[in-house]
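Single-letter residue listing:
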Number of protein chains: 2
Amino acid sequence: MTLILSNQDVEQLLTMRDCIDVLEDVYVELSEGRGVNRRRSDCLVPSPRRGAAYSLKSMDGVIPKLGIGAVRIDSDIVTWPVEGSNMRRVKVPAAPNGRYVGLVLLFSSHSGEPLAILPDGVMQRIRVGAANGLAVKYLAREDAASVGILGSGWQAGAQLTAVCAVRKIKTIRCFSPRHDHCEAFARDTSAVLGIEVKPVRSPEDAVGAVDIAMCATNSVDSVFFERWMRPGIHVSSIKVPEIDRAAVKRADRLVIHTHDDKPLHVVANNLAVPETAENKGWSLGEGIDFASTPTLAEVIAGKAPGRRADHEVTCFINNLGLGYQFAAAGAVVYRKARESGVGHELPTDWFTQDVHP
Amino acid sequence: MTLILSNQDVEQLLTMRDCIDVLEDVYVELSEGRGVNRRRSDCLVPSPRRGAAYSLKSMDGVIPKLGIGAVRIDSDIVTWPVEGSNMRRVKVPAAPNGRYVGLVLLFSSHSGEPLAILPDGVMQRIRVGAANGLAVKYLAREDAASVGILGSGWQAGAQLTAVCAVRKIKTIRCFSPRHDHCEAFARDTSAVLGIEVKPVRSPEDAVGAVDIAMCATNSVDSVFFERWMRPGIHVSSIKVPEIDRAAVKRADRLVIHTHDDKPLHVVANNLAVPETAENKGWSLGEGIDFASTPTLAEVIAGKAPGRRADHEVTCFINNLGLGYQFAAAGAVVYRKARESGVGHELPTDWFTQDVHP
């Protein structure tokens, strides 16, 4: 049977600890070249909606050690609203019932069979958190205890869960330009983590004097600047533009998620304004030599150094997600779903065929 | 509702005529850059089976004119058996019930919603036939009436259906090294087409004196050679290695399917023998300047010439399939399925989500 799983199922089955552990294991496989990842691609065409584009995004990964392959697909109506001085990349829930569209398909690399189909949202959030959590584990000071975070959205909670899984965190400060949103986020997250998250009124109040500064925004402009760096800090981001170039240059040790500098963009030639917006975030990575900067997987595999001294300034840019991460998290979710009988079962024959294609 | 369709549904809903017509229309969009295609990628890793590999293949395309996007995925156990002097690429039906795994996912480019999920086999066959049929339409002589085909497998029937849809064909000769298979194929296909397909004992008997020579094999070695070319012939292939380089050079007019010279291969570094086999077929394309050779879409759009004179030797290499073709054929299948109430309906909410991923 092929399983249809929901975000609720994934939320129930996949803990941050699970995801950190499986990624730590299989990043070694990736670094050794035994696991493979196909770079994310974005097909972008005009949308009938004003100022919007249609984006069909995909990424693949295979982990022979776990016997699994994954394809992750997002089918999004994308907009680029400007809020304050920052431009953000925001998806419109245009599917029936006002919903978003992102899917993960899991396959057995032993038999080829489709194992499961599930929405990508919860898994996406946990795997981003887990990657940045692993970066904290290898790059932040052992005694790091204070965290400041910029952003109070969907990704911010997972970033905090992850950092608390790898360090004994005592204080957390949070800033978002939408203060009411930030307050609600702080309240909810404090309850979940059992550590007070304090909403503050300016970005420097959040990240100006902490051991670990985390960015978790939708911004395509920079949000973290060099003036907030101090000896021993670890700065973490979930996308290329968040950390200003001068701050990146200041780091003693820079680690990225993958050597690929950006997604493969396949863009219709009649796509107007949005293309500029789409490129803006990525262009902020132009000062970085992605090919020669060590990756998180290389650090975990011992091929590149992690933090070497307490006073070092370290920086992790989660520059691009990997289909490989969905294979890893998917392997855990699929195993646990089978063990616990979670999910809708559909006949595998619906998703296989008797003809040699 | 999201539709689950079967190969039988596609067989019933998608005619060769439909597929030729929709591709002819949307290849213009592709050539003009309003439609987009993301090049096929193959992730290849070792398989526990001896001499086999696991291949996770994907390709995407979006056609705004039809409001549709498609992702096509194949999850295959691949082997490279040698039969006679030819090496072939053969998939093993290792999924439950001895089945193959290939899927097409269709999305609305207006709302993002998942419209349908279906196996790729029948659609794959028809779209390959339709592309080569369109090449015959634009490149073969108007009065072409005799066809010779090399191969008697799954693709060969669609090639013959397609050529008969665009030219008044009177005679068809077929060769395959497996003569009993060839005879059965000839019998079945004669009945379907209403034109006698004559099985012959050598490749030159099949293609040595015809107006249109078609290759439809799994071979990763060449099967059609220069000595069989004569003035006015159109030679057609469904993959790069089939037509020998000297024969390709001899053509007055060479047209390819896409400027991409090969799939993006992402290969595990511990994959041994099969990688050489995998590269063999593609390496035979090395003498061709794929970037500057006109594509079928450019010929259809009038940006590159088709046949200019009766004596010209023309050649079409269907060098690489496009996710775009699955979007085109998928748009037809989805519309007709909706009109006729075909397919299993599943709640679209199973494949969408309320979180911004």
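Quantities reported herein were computed from a predicted structural model and do not represent experimental measurements.

Quick look at the interface of chain B and chain A now. Facing 65 residues of chain B, the contacting portion of chain A comprises 65 residues. Every element with two or more residues in the side of chain B that touches chain A is listed here: β2 (36–46), β3 (52–63), β4 (68–79), β8 (102–108), β9 (114–119), α3 (121–139) and β16 (264–267) of chain B. Among the residues making up the side of chain B that touches chain A, the classes are represented as 33 nonpolar, 21 polar and 11 charged.

Turning to the domain arrangement of chain A, a few remarks are in order. Residues and elements named next belong to chain A. Parsing chain A into structural domains produces domain 1 (2–123 + 323–351) and domain 2 (125–317). The partner domain 2 presents 38 residues to the 37 residues of domain 1 that form the contact. The set of elements that each furnish at least two residues to the side of domain 1 that touches domain 2 consists of α2 (16–32), β2 (36–46), β6 (86–87), α3 (121–139) and α10 (323–340). In terms of residue count, α2 provides more of the side of domain 1 that touches domain 2 than any other element does, 11 residues in total. Considered class by class, the residues forming the side of domain 1 that touches domain 2 number 21 nonpolar, 7 polar and 9 charged.

With that settled, the discussion passes to the relation of the copies chain B and chain A. Placing chain B over chain A gives an RMSD of 0.0 Å and needs a rotation angle of 180°, together with 0.0 Å of translation along the axis. Look at the turn and shift together and you get a two-fold axis relating the two. It is Ser58 of chain B whose C-alpha, among those of chain B, lies nearest the rotation axis, at 4.4 Å. Most of the interface of chain B is mirrored in chain A: 100% of its interface residues are interface residues there too.

Residues and elements named next belong to chain B. At a closest axis distance of 8 Å, the pairing of α3 and helix α4 (residues 154–166) adopts a crossing angle of 40°. On the basis of the axis angle, α3 is oblique to α4. Viewed along their axes, α3 and α4 form a crossing whose handedness is right-handed. Of the residues in α4, those touching α3 at Arg125, Ile126, Val128, Gly129, Ala130, Asn132, Gly133, Val136 and Lys137 are Trp154, Gln155, Ala158, Gln159, Thr161, Ala162, Val163, Ala165 and Val166. Along the lines of polarity and charge, the residues of the contact of α3 with α4 split into 10 nonpolar, 6 polar and 2 charged.

Conventions we followed
Residues numbered from 1 in each chain as written. Chains lettered and ligands numbered in written order. Predicted model: local features only at pLDDT ≥ 70, side-chain atom pairs only at ≥ 80, totals over all residues. Contact = placed C-beta atoms within 7 Å. Helix = DSSP H or I, 4+ residues; strand = E, 2+ residues; numbered from the N terminus. Nonpolar A, V, L, I, M, F, W, Y, C, P; charged D, E, K, R; others polar. Domains from an automatic or database assignment. Least-squares fit on C-alpha atoms with pLDDT ≥ 70 in both. Axes fitted to C-alpha atoms, helices over the stretch in contact; angles between N-to-C directions. Parallel < 35°, antiparallel > 145°, perpendicular 65-115°, else oblique. Left-handed = near helix turned anticlockwise from the far one by under 90°.

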